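Residue-level structural notes
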Amino acid sequence: MSGLAERLARVDAGIADAAREAGRDPAGITRIVVTKFHPASLVRELAGLGVRDVGENRHQEAQQKAAELADLPLTWHFVGQLQSKKARQAIRYARVVHSIDRSSLVDALAGDHDPVDCFVQLNLTDDPARGGVQPDEVEAIAERVLGSAGLRLRGVMAVAPLDEEPRRAFARVRVASERLRLVAPDARDISAGMSGDYREAILEGATHLRIGTAITGNRPARG
Ligand SMILES: *Cc1c(COP(=O)(O)O)cnc(C)c1O
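The structure displayed is predicted, hence computed values, not measured ones. (Residues numbered from 1 in each chain as written. Predicted model: local features only at pLDDT ≥ 70, side-chain atom pairs only at ≥ 80, totals over all residues. Heavy atoms only, no water.)

What to know about the overall build of the protein
- Helix and strand content of the protein: nine helices and eight strands.
- The globule rule puts the C-alpha radius of gyration for 223 residues at 17 Å, and the 17 Å found for the protein is close to it.
- Reported as C-alpha extents along the three principal axes, the dimensions of the protein are approximately 50 × 40 × 30 Å.
- For the protein, the residues scored as buried account for 53% of the 223 residues in total.
- When contacts within the protein are restricted to residue pairs at least 6 apart in sequence, long-range pairs at least 24 apart make up 55% of them.
- Looking at the protein, you have 31 positive and 31 negative side-chain charges, and the mean spots of the two groups are 3 Å apart. (Helix = DSSP H or I, 4+ residues; strand = E, 2+ residues; numbered from the N terminus. Rg over C-alpha atoms; globule rule 2.2 N^0.38 Å. Buried < 20%, exposed > 50% of the residue type's maximum accessible area, 1.4 Å probe, protein only. Contact = heavy atoms within 4.5 Å. Lys, Arg positive; Asp, Glu negative; His and termini not counted. Charge placed at Lys NZ, Arg CZ, Asp CG, Glu CD.)

See below:
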């Protein structure tokens, strides 16, 4: 088995263990492999190992890889900050945007196109420079998504802060998800959990994990 196959298998076993611990069906959890900074060849290798969901956080890099790998049955997830002027280009390849953080981005994404799945990103810190909206702003932006053509609201997304116990941070995400469902009952999904904290995210109800280095190995230096 290659190192990549081994790491993928190890993470998938970890996901299954955490799901069991949480009394959940692992089939209800989507494991997205975040391949940022890695070449298209690595994504192709992952596809050969059965990976179908991949995540990227920079538009230009994602666009190039998606074009190069258009022959593969992949679903591309956009997980990084997205400039409004790049929004329409990004949804030519990305079927899911995890980083909805302002109404101007919702307006830029809306349109008469195949539905794009959207997650509203929560900022779990007090630092406005970290992407996302404050938890009390979720309903307003959710309503904007619900009122927009071509967008399907899936739920909330978050990154655990570095200085907080991840389980506690993800418990706050769960509360935000419950509040969101009062205005959008179908928006049940939670995108949370990365290489170092996916177990805690699963225990707090995450349905979409965004896992990079634990599967891909260390990222090459940023080019
Ligand atoms: C890079 C990235 C990840 C994956 O991080 P790892 O720690 O490598 O698993 C997840 N989510 C977002 C938004 C990212 O930018």
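Quick word on the site of the ligand
- Taken together, Val34, Lys36, Asn57, Val79, Met157, Met194, Ser195, Arg210, Ile211, Gly212, Thr213 and Arg219 make up all the residues around the ligand.
- One of the backbone N or O atoms of Gly212 is found 2.8 Å from an oxygen atom in the ligand.
- Thr213 is positioned such that a nitrogen or oxygen atom in its backbone is 2.9 Å from an oxygen atom of the ligand.
- Surface burial for the ligand is 87%, taken as the share of its 390 Å² of free accessible area covered by protein chains.
- When its residues are assigned to classes, the shell around the ligand shows five nonpolar, four polar and three charged. (Near = heavy atom within 4 Å. Polar contact = N/O pair within 3.5 Å; in protein donor to acceptor, adjacent residues only side chain to side chain. Areas by Shrake-Rupley, 256 points an atom, 1.4 Å probe, with all protein chains shown as cover. Nonpolar A, V, L, I, M, F, W, Y, C, P; charged D, E, K, R; others polar.)

Observations regarding the UniProt feature "modified residue: N6-(pyridoxal phosphate)lysine" (unreviewed entry) in the protein
- UniProt records the feature "modified residue: N6-(pyridoxal phosphate)lysine" (unreviewed entry) at Lys36, using the numbering of this structure.
- Among the structural elements, Lys36 can be located in the loop between strand E1 (30-34) and helix H2 (40-48).
- Residues within four places of Lys36 in sequence aside, it is in contact with Gly55, Glu56, Asn57, Glu61, Lys65 and Arg219. (UniProt positions renumbered as here; feature names shortened; annotations may be inferred.)

Thoughts on the UniProt feature "domain: Alanine racemase N-terminal" (unreviewed entry) in the protein
- Using the residue numbers shown here, the UniProt feature "domain: Alanine racemase N-terminal" (unreviewed entry) corresponds to residues 41-220.
- Secondary structure across residues 41-220 divides into 40% helix and 21% strand, with the first and last C-alpha atoms of the span separated by 13 Å.

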